[in-house]
Each structure stands twice: as structure tokens, then as C-alpha cells.
Amino acid sequence: MNAAIIPFVGLPERTARENLEAFIERAKRLRFFTGPDAVDWASTSWDLRPFANTRGQNPAGYVLHFTNHETTVRGRRLRTAEDMAEPFLSAAKAVLASFLVDTGMATPTKMVTALRIVEKAFRDLGMVPDLCELNPEILDRAAGTIQASMKEPWSYGRALERFAHETVNPCRLAAAHLIWRSPFPYGGANRSDRVSTNTGEVEGSDKLPHLKCVLDLAGIFRDATSSADIVVTSWFALAMFSPTRANEILTLPVNCETEMEGVYGISWLPLKGGSPMTKFATNDDWAEVTRTAIGRLKELGVPARKAAAWYAENPGSLYLPEGMEHLRGEPLTTWEICRILGIEGGFNPGCTLDKTLVRLDCFTNDAEKTGGVRYRKLHEFSSVERYVTEVLPLGFPLADKRQGMKAADALFCLPRHALHSKGSSLYMNVPDLVSYSQIAHELGRKPNGTTVFSRHGLIDPRSGEPWQLRTHQPRHLLNTLAQSKHLSETLIAFWSGRKRVDHNAWYNHIPHEAFIEAYVTMGKNAPREIGVVGPLADKVEERARREMVTHDTALRLEVGSIISTRYGLCRHNYALTPCPKDKNCIGCGENTFVKGDEHQVAEARKQLGISKAAVANCLKAIADGEPDVEPWLAKHEQAAARWELALERLTDTALVDGTLITLPPPAVSQTKTGLTLAIRDAEAPAVARDEPDLETMLALGGNT
């Protein structure tokens, strides 16, 4: 049971310096600085990965370097890096340690960057970096640096706010109470899988992978021979088996396969509160694909798992394969080292292994030690042993601390260099655990690196660059497919290993018109009811009374077939008549909006701006004395008023998303026929006609 952490509160009777000293002393007693994995407080690089309770290996963001802003590149410590200046350095260490405890080990990357920028702001203003002297001017200077150098300034501005209001002020670490707000408006994270809000784009959502990209990966999976291709395509095959998070796949046990009444399934332990479960194959073909993927991973990792089991029982010692036990403690040749580590073809000069080996000043010509070569140099046994123990995965022998699974039991416990594709030999007897970042890089996250797509020359035709796929896109794709088949929300959440059903909405990228079509065609089996507001609701009620049918039946008859347009959904029946309007959807009673549709909200805002600008131009033209402007003014004023009403209802929080919205009919309805006649009359003024009028025709009995 973890002990409760009492937050530090600065005492008003103390000076800021005294509170800061007490704050630092408290931080030095936190759990990061005690125990077998303790880090050295005095060091300016901390490896806190053993304390991160995350699934998977090498969690990103937990190796902290207290270097200054100018000499830090993507969070890494360079040889030429300079540390932050004292006394700010000690304060920054205490702030970061307390931040990790208070947030439950949230990734501190942005907070570290914010502290570097604050330290730089002190120096930019000609001041000694000292937390006790922090003031709004320094924070404003830091905000300027953020604006100039960061792609997502709002998120770093938020980190500065947290630093000022959640640490400095309550702990009384500055001489004056800070009143400061970030100048950056919320802009949303710069995610590559954000839903696109631009109308007219080919892809409806960047969260969904391109179909050609999926098919290209399937082709690589079919013909995979290299270890890198086998690993990444097998991971993708498992990701497409069911909606699963990346690290849930990477921490699957070897014995994850199961069957129930002849149906193939995989046992999972979901993240985010999901209960342990078994997910079954949707069809026999996909079961066969998954069996192939798991079979390949099992086969590739057999020697590595065997070695991992041995290392778990014999920490600090070198695993010797069967038939080589007699070499323990003896000087080794490179040929023997390769056999012990399971390296085929030798290791590259200058690699980590080569640099770790300690060479002895003696040779051997013993054929049993040289592999047939006349002479080979000997190396210290202990140097080989030291190399292996140092490169074992972080947290070894555990592969997943949350479920206590050992590396020897992990499906993705594979030989070292299994994902290397640039000439590195596999170290079959050196176990390694595939990390999330390795999979993400293989799928395209490395900007200029080698990926599974670049190796095979598979190009995105839209950009001309190798495909890029995000690890979460298969999950979004499968959730969207499930939504398109109108499965229940509870079942989709269960299939996805999701504790909360309402989170399904974040993975649903089906347009609203698909649900309306399902409502019309599926009758009582439709996935959900549809709400209606506006004149359409009155029309439905009237039709239900007149034809003595239910409300749902009347709504289905009124909705009929729909067509998605730039301006909403069109309910007009084109089998009866052509469109009676001419690019005047906002003035049509058959135009329908859907509450919650981001595309329609964006278009309404755009059209409202256009109409208001047109009204302003008309008013200016009238003021300038231009003739015949009034009809255009009336037209644009009506359009602006209707777009404003549409936007008001589209953003009405009282309406449920998916509700159909219609507007009242305009005071003057202009049809295409009426417009044509008006144009003809305007171009050809009326002349006296010889035809008799109606009264004359009636008087003559209709004979003319």
C-alpha cells in the first residue's frame, strides 16, 4: 500500500528563500532518491523510467536532462550541452520531482521545457536565474520564447501557468504572489490523427488509415522474410484483429491464443480500466491471419525467451547455450562469442558489443576455439557477460509490471536487433522487448529514417513520400466499421476493451447521414432514434395525424432519401422533379441540418461571413448612389438572417447531437422557375399583348 503524499505548503511567516530551501529538502526525500533504483540528486541527468508504472518498455519522457534551452535538442543531452544555472537548477529539480509525485508520474516533458525557458528568460533580462525572484515580466519573456520556438505554444503556456499557480504560489517560493495568465489561446494538440474539418477533402478523417496503405502492409505481411518486416506486420495484423491499443499488443503473453467451441480468440488485458477478456475472430480468414502472425513471432523469439528465462534465474551471469557450458570463465574468441550470443555472420566493427569487449594480449590457434581460422585474438569472458547484462531490457526480468508478466513469457520478447534493418545481425540469444517507439518509427514516425514502407518503396500518392501510419489508426478503423454495421454501443465498448461506453464517440467517424439512412431502412432495428426540431417536426406530427401512422413512420416518410450537400442534407425527391432552387439551399424548406456536424457548423460560419460582407457591400453601394441595389440588399439580408439562425441552432447546447434541424420558410421563396421569368422580364420589358384577358375569355365561354 502506497503512503499518502502530503503536499508542501509554504508558510507565510517564512521568506521565499526559506520556503524554497524547505521545498528542496522535502523533494530530496521523495521515493526517486531512495531504494535500489535511486537516482543521484546531484546529477543533472535523471533516469526515472524504473518508477514509471507503464506498460511496455522504455516509456518516453522519463529520462530528464537539466540542460539549458539553447543547448538542448529534442530533449537529449549533447556533448556540448550546458546545465541550467544555479540557484535555479536546484529549484527546477525540486519542481520536477514534486510534479511527478503530484501528477501520478505524468510525462514531464513539457514541464521540463517550460523550466528551461524560464531559466533562459532570467538570463535574457540580465538577471541571475533564481526562482525566488520570479515575476510576471520574466514569465512574459518566457512566453515570447515559446511563441518564437514552439509549434504548440498554448500547451507550453499552460505548463507555465501550472508552474506559477500550482507550485510557486501555494508553496510561496517567489517573493511576490504571481498573477499571470498564458497569452496563448487553446489551439488543440497538433495530432496527425485529428478529424479533418475541411470540406471537400478526399479523406473524411485523418484518424482512419488510407485503404491503399492497409493493403500495402498486407502485401508485405504475406511475403515477409526479414525480422523487421515480420515484427511490424505481425503487430499490424494483431492490431487489425480487434480494436486494441498499441501497448496492449506489445504486452501479450506467448500463450494468448484460445478457442471456445471451435472459435479462435485471443486473451487480452486492456488498459484504462477494462477487465481481462477474450476477443474472438470475426471470421475464419482473419483467424488464420492472426494465427500466422502469432506463429511467426513465437518462432522468431524462441531462443530469446529461453535465454530470458535463464537470465531471470541467474542474474548477472552469462547464458551459455547447450554444449558451450565448459567455456564459462574462459577467454573467448570472436567466433565463440558469436556462437554464445547467437550471432550469424559476425558483428559490426565499432558496434556496442565491439566497444565493450576487452581484448587480451594473446592469440589461439585451437581449431575448436577459432572455427577453422588459423589465429584468433582472445577476449575477457567478463566483458561479454557485462555487455549482455547491460543491454537487457529496462525492468528485466519483467515485461509488464502491471500484470507481473516476465519477459520469458512475452510474445514480443525477441532477439536483440530484431527491428534493425541496416545490416545489423540478430543476437538470437540476447533477449529484448519490442517497444512502442520502435513500432511507431517503423510505421513512419521517423521523419527521415528507414521504415517498413520506405524499405519496399511504397509511396503515398497524395504526398509522393513513403506512407505514414499511426499506431492508433487501426483501432479507429475497426471502431468505425463496427459503428457502420450498427452494433450496439455497449458491444463496441466491450470489443474495444473500453470501460466507458461514452468514449465510443471519439472513435466514430461515420457521417450523420449514414445514421439517418439506417433509421429509414432498418425500421425498429435502427441503431438509434432521431430527434427533429423546426417546421419538419410540425409536418411530421401533421402527417402522423392525417394518415393515422406512428410518429416514427411519418418521420421516415418525410425524410425519405437524403443527399449530402455542401450546405447540409437535402430531402428533395429528385425522382419527381428537379431542384426548384438555384444554389439557394439556405432559402429552401427541404434543406436540413444535423446538430453536432462539424462540417455544417464550419460551413454555416463561412456562409454567414460571406452574407454579412455582401450586406455591407450593398449598403456601401447605396451610400455611393449606385442604382438597383435594394433587391440585392434584401436578398443578402435574408440569407444572413437564415444562416445566423442555422448557426444558432447548430450550436444550441440544449439539442442532442444528431437532431435534425429545419428552418422556417422564408417570407419570399424564390424558385428556379420564378428566377428565370424574372430575368426574362428584366431583359425584355413587357409589351402590350393581343391575347384577351381572363374576364373576356369567361364572357366568350372560352372561345377566342
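Keep in mind that this is a model prediction, so the values were computed, not measured.

Participant: How do you make sense of the packing of aromatic side chains when you look at a structure like this?
Facilitator: Two aromatic rings are characterised by how far apart their centres lie and by the angle between their planes. Counted according to the given criterion, the structure contains 14 aromatic pairs. Seen from their ring centres, Trp-41 and Trp-46 are 5.6 Å apart, and the 45 degrees between their planes marks the pair as tilted. Each member of the pair, Trp-41 as well as Trp-46, carries the same accessibility label: buried. One aromatic cluster is present, built from ring pairs that chain together Phe-32, Phe-33, Trp-41, Trp-46, Phe-51 and Phe-66. Positioned above the aromatic ring of Tyr-156 is the side chain of Lys-110, whose terminal nitrogen or guanidinium carbon lies 5.5 Å from the ring centre. Lying across the ring of Phe-221, Arg-296 places its NZ or CZ 4.4 Å from the centre.

Participant: What am I meant to see in the side chain of Asn-429 here?
Facilitator: Relative to the elements of secondary structure, Asn-429 occurs in strand S13 (residues 427–433). Judged by its relative accessible area of 11%, Asn-429 falls in the buried class. Every residue in contact with Asn-429, bar those within four places of it in the chain, is listed here: Pro-303, Ala-307, Tyr-311, Tyr-319, Pro-321, Arg-339, Ile-340, Leu-341 and Gly-342.

Participant: Mind showing me how you'd approach the nonpolar core here?
Facilitator: Across soluble globular proteins, nonpolar side chains have a tendency to be buried as a group. Counting 59 residues, the largest nonpolar core has Phe-32, Trp-46, Leu-48, Val-118, Leu-131, Leu-134 and Phe-163 as its most contacted members. Secondary structure elements with two or more residues in this core: helix H1 (16–28), helix H2 (88–102), helix H3 (109–124), helix H4 (136–149) and helix H5 (153–171). Examining the composition of this core, we find that 11 residues originate from one element, H2, more than from any other. Formed by 43 residues, the second largest nonpolar core is a distinct cluster that contains Val-214, Leu-217, Phe-236 and Leu-252.

Participant: Looking at this structure, how should I read the confidence of the model for the protein?
Facilitator: Caution is warranted with low-pLDDT regions, since their predicted coordinates should not be read in detail. Summarising the model, the protein shows a mean pLDDT of 80, and 78% of its residues fall at 70 or more. When pLDDT is averaged over each helix and strand of the protein, the minimum, 46, is found for helix H24 (residues 694–699) and the maximum, 94, for strand S12 (residues 413–416). Counting contacts from residues 189–204, a segment whose pLDDT is below 50, to residues more than four positions away or on other chains yields 28 contacts. Across residues 517–528, confidence stays below pLDDT 50; counting only partners more than four residues off in sequence or on other chains, it has 23 contacts.

Participant: Teacher, can you tell me more about the packing of H3 against H4 here?
Facilitator: Between two packed helices, what matters for the description is the angle formed by their axes and the separation of those axes. Between H3 and H4, the shortest axis-to-axis distance is 8 Å and the interhelical angle comes to 115 degrees. Regarding the angle of H3 to H4, the classification is roughly perpendicular. Crossing hand, H3 versus H4: right-handed. Between H3 and H4, the residues in contact are Ile-117, Val-118, Lys-120, Ala-121, Phe-122 and Asp-124 and Ile-138, Leu-139, Arg-141, Ala-142, Thr-145 and Ile-146, respectively. Split by residue class, the contact of H3 with H4 holds eight nonpolar, one polar and three charged.

Reading the values: rules and limits
- Residues numbered from 1 in each chain as written.
- Predicted model: local features only at pLDDT ≥ 70, side-chain atom pairs only at ≥ 80, totals over all residues.
- Heavy atoms only, no water.
- Phe/Tyr/Trp six-rings, centres within 6.5 Å; stacked < 30°, edge-to-face > 60°.
- Buried < 20%, exposed > 50% of the residue type's maximum accessible area, 1.4 Å probe, protein only.
- Lys NZ or Arg CZ within 6 Å of the ring centre and 35° of its normal.
- Helix = DSSP H or I, 4+ residues; strand = E, 2+ residues; numbered from the N terminus.
- Contact = heavy atoms within 4.5 Å.
- Core = buried A, V, L, I, M, F, W, Y, C linked by side-chain atoms within 4.5 Å.
- pLDDT = per-residue confidence, 0-100.
- Axes fitted to C-alpha atoms, helices over the stretch in contact; angles between N-to-C directions.
- Parallel < 35°, antiparallel > 145°, perpendicular 65-115°, else oblique.
- Left-handed = near helix turned anticlockwise from the far one by under 90°.
- Nonpolar A, V, L, I, M, F, W, Y, C, P; charged D, E, K, R; others polar.

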